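Spelled out, the chains give:
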Amino acid sequence: MTDTQLRVAVLGAKGRIGSEAAKAVEAAEDMDLVAALDRDDDIAELTKAGAQVAVDLTHPDAVMGNLEFCVGNGIHAVVGTTGWTDERFAQLRGWLDKSPQTGVLVAPNFSIGAVLTMLWSKQAARYFESAEVIERHHPNKADAPSGTATRTAQLIAEGRNAAGLGAQPDATSTALDGARGAVVDGVPVHAVRLRGALAHQEVFFGGTGETLTIRHDSLHHSSFMQGILLGARRVVSTPGLTYGLEHFLDLG
Ligand SMILES: NC(=O)C1=CN([C@@H]2O[C@H](COP(=O)(O)OP(=O)(O)OC[C@H]3O[C@@H](n4cnc5c(N)ncnc54)[C@H](O)[C@@H]3O)[C@@H](O)[C@H]2O)C=CC1
Ligand SMILES: O=C(O)C1=N[C@H](C(=O)O)C[C@H](O)C1
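Residues numbered from 1 in each chain as written. Chains lettered and ligands numbered in written order. Predicted model: local features only at pLDDT ≥ 70, side-chain atom pairs only at ≥ 80, totals over all residues. Heavy atoms only, no water.

Some details on the packing of helix H3 (residues 63-72) against helix H4 (residues 86-97)
At a minimum axis separation of 9 Å, H3 and H4 run at an interaxial angle of 15°. Taken as axis vectors, H3 and H4 run roughly parallel relative to one another. Along this stretch, H3 crosses H4, giving a crossing that reads as right-handed. Of the residues in H4, those touching H3 at Val 63, Met 64, Leu 67, Glu 68 and Val 71 are Arg 88, Gln 91, Leu 92, Trp 95 and Leu 96. (Axes fitted to C-alpha atoms, helices over the stretch in contact; angles between N-to-C directions. Helix = DSSP H or I, 4+ residues; strand = E, 2+ residues; numbered from the N terminus. Parallel < 35°, antiparallel > 145°, perpendicular 65-115°, else oblique. Left-handed = near helix turned anticlockwise from the far one by under 90°. Contact = heavy atoms within 4.5 Å.)

Structure, rendered in structure tokens:
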């Protein structure tokens, strides 16, 4: 251990992703895992341990309380936990305004393939009349649709709006509740929960005489680890809110 080591804590350290993240931080040569906390632990341990960065991989019900503590104590945060709304972002920005040196990265997905899927979906969206998202996850997931699918749909809507596209063609006049999915900014999003699945997404585009499918599969939790470590390294020198790992990637 040297003075230059980044002092990182993991919240949700007994969870599916948090437990892997704690191991990845421990294994990183430039980091020390100074706290690994879960539901029943006292978050004040973060300050006692001198954490510079907290990685939050907990639950939508827990993340805001954790962030209020972190930002209030000048601890940078890397957030993978889902459940983000405009109201939550406004609350977080308010806390950051009072602690302007603190950085928070909120990343809907830490895997490079998912980040590219989101960016390419925004690009493709402007050229196709129709766009729908289908995500597939393990059945223990708390939220639906996934944070990644929600963000993908928002980015598709941004692409469509920039291109002046209107509502999507859809003559459905009779449907069972839910048959056309949840609608996020005008984009239908369908969530499948399946034993054996991990984290998967397909984005379908349709235009005259052609379709385009962008598909991403996370086959193992390791797909998220490089992004989490990169986020921790970069967030300490990036004050304020960063939304999306793409801002920390050199994507040319
Ligand atoms: N952005 C990304 O790339 C990824 C995000 N996620 C998200 O991370 C979150 C966690 O996912 P999983 O690990 O699958 O869930 P999980 O249920 O396996 O783990 C969550 C852990 O957080 C703990 N926890 C709950 N409240 C807490 C609190 N107040 N303080 C500390 N720990 C607390 C739970 O006891 C549990 O051990 C979900 O929102 C999921 O969508 C998961 C994978 C990748
Ligand atoms: O809960 C998960 O597993 C995942 N959650 C994130 C999401 O909701 O998008 C990221 C990834 O899909 C895995």
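Focus on the sheet that holds strand E8 (residues 187-193)
With respect to topology, five strands assemble into an open sheet ordered E7-E8-E6-E9-E10, the strand pairing being mixed. Two strands close off the open sheet at either side, each with one partner strand: strand E7 (182-184) and strand E10 (210-218). Going across the sheet, the axis of each strand differs from the next one's by a mean of 20°, ignoring polarity. Pairing between strand E6 (residues 130-137) and E8: five bridges, direction parallel. Within E8, the residue paired with Arg 136 across the bridge is Val 192. Packed on one face of the sheet, helix H5 (residues 112-125) meets strand E9 (199-207) and E10 and runs near 165° to E10. (Pairing = 2+ DSSP bridges.)

Quick notes on the UniProt feature "domain: Dihydrodipicolinate reductase C-terminal" (unreviewed entry) in the protein chain
Mapped onto the present numbering, the UniProt feature "domain: Dihydrodipicolinate reductase C-terminal" (unreviewed entry) falls on residues 113-249. For residues 113-249, helix accounts for 29% and strand for 29%, while the C-alpha atoms at its two ends are 12 Å apart. (UniProt positions renumbered as here; feature names shortened; annotations may be inferred.)

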